[in-house]
Amino acid sequence: FGYLGNELAFFTSAGRVYTITGSVARRVHRFSAKRGCEICGLNFDGSRLIGVQTRPGSGAVASVTARLADCLDRVEFRMSSGEAVVYGGEGGRQQGVVQLQRAEYITAVAQEHHDMYLGMGIAFFTSTGGIIAFDGAKAASRCRFAA
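Residues numbered from 1 in each chain as written. Predicted model: local features only at pLDDT ≥ 70, side-chain atom pairs only at ≥ 80, totals over all residues. Heavy atoms only, no water.

Draft legend 1. The arrangement of the sheet that holds strand β13 (residues 131–135) in detail. Read from one edge of the open sheet, four strands run β3-β11-β12-β13, paired in antiparallel fashion. Both outer strands of the open sheet, β3 (28–32) and β13, are each paired with one neighbouring strand and no more. Averaged over neighbouring strand pairs, the angle between their axes works out to 10 degrees when direction is ignored. Across six bridges, strand β11 (residues 106–112) lies against strand β12 (residues 121–126) in antiparallel orientation. Each bridged residue has a counterpart across the sheet, and for A108 the counterpart in β12 is F125. (Pairing = 2+ DSSP bridges. Helix = DSSP H or I, 4+ residues; strand = E, 2+ residues; numbered from the N terminus. Axes fitted to C-alpha atoms, helices over the stretch in contact; angles between N-to-C directions.)

Structure, rendered in structure tokens:
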């Protein structure tokens, strides 16, 4: 028998996050939208993700992209209205744009903490069980699953 890893995290339909964390796990900030709502914005205090903006319904965010190198430099949401909502700066290398499907929306987010930039990496979990991950070179290797 082996072990399950350094941590397990569960995102609930009530918008709660439950974690079981081992002593060597890295610090991760996680937020979830409640059932029937989508994440349409991020709240940062410096480099730390401290919350999310949610709204009822789906379809506000059309695509997500990022810039990264060792750490996460920038996250950009392209809204269905065409507006770009940008967090962070211009450093790092541009990553590919991930388009959300027509009925797909962001339900949860997890940011690996770092005292600079926008952390070491970020992952978005979607209503269809998809995972959109942008991990810098310093981010821990992770197995992510969604159902």
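Draft legend 2. Examining the pairing of strand β4 (residues 37–45) more closely. Bridge count for β4 against strand β5 (residues 48–56) is eight bridges, and the pairing is antiparallel. Bridging from a neighbouring strand, I39 pairs with T54 of β5. Counted along the chain from β4 to the antiparallel partner β5, the turn is two residues long, and its residue G46 has a positive phi close to 65 degrees.

Draft legend 3. Expanded view of the side chain of S63. Among the secondary structure elements, S63 is positioned in strand β6 (residues 61–68). Excluding residues within four positions of it along the chain, S63 makes contact with E76, F77, R78, V97, V98, Q99 and L100. (Contact = heavy atoms within 4.5 Å.)

Draft legend 4. Summary view of the pattern of salt bridges. A full pass over the atoms with the stated rule returns four salt bridges. A salt bridge links E76 to R74, with the nearest nitrogen and oxygen atoms 3.4 Å apart. Like E76, the residue R74 is buried in the burial classification. Where E76 meets R78, a salt bridge forms, and the shortest distance between an N and an O atom there is 3.2 Å. The class for E76 is buried, based on a relative accessible area of 15%. Among the charged side chains, a network of salt bridges with common partners joins R74, E76, R78 and E90. (Salt bridge = Lys/Arg side-chain N within 4 Å of Asp/Glu carboxyl O. Buried < 20%, exposed > 50% of the residue type's maximum accessible area, 1.4 Å probe, protein only.)

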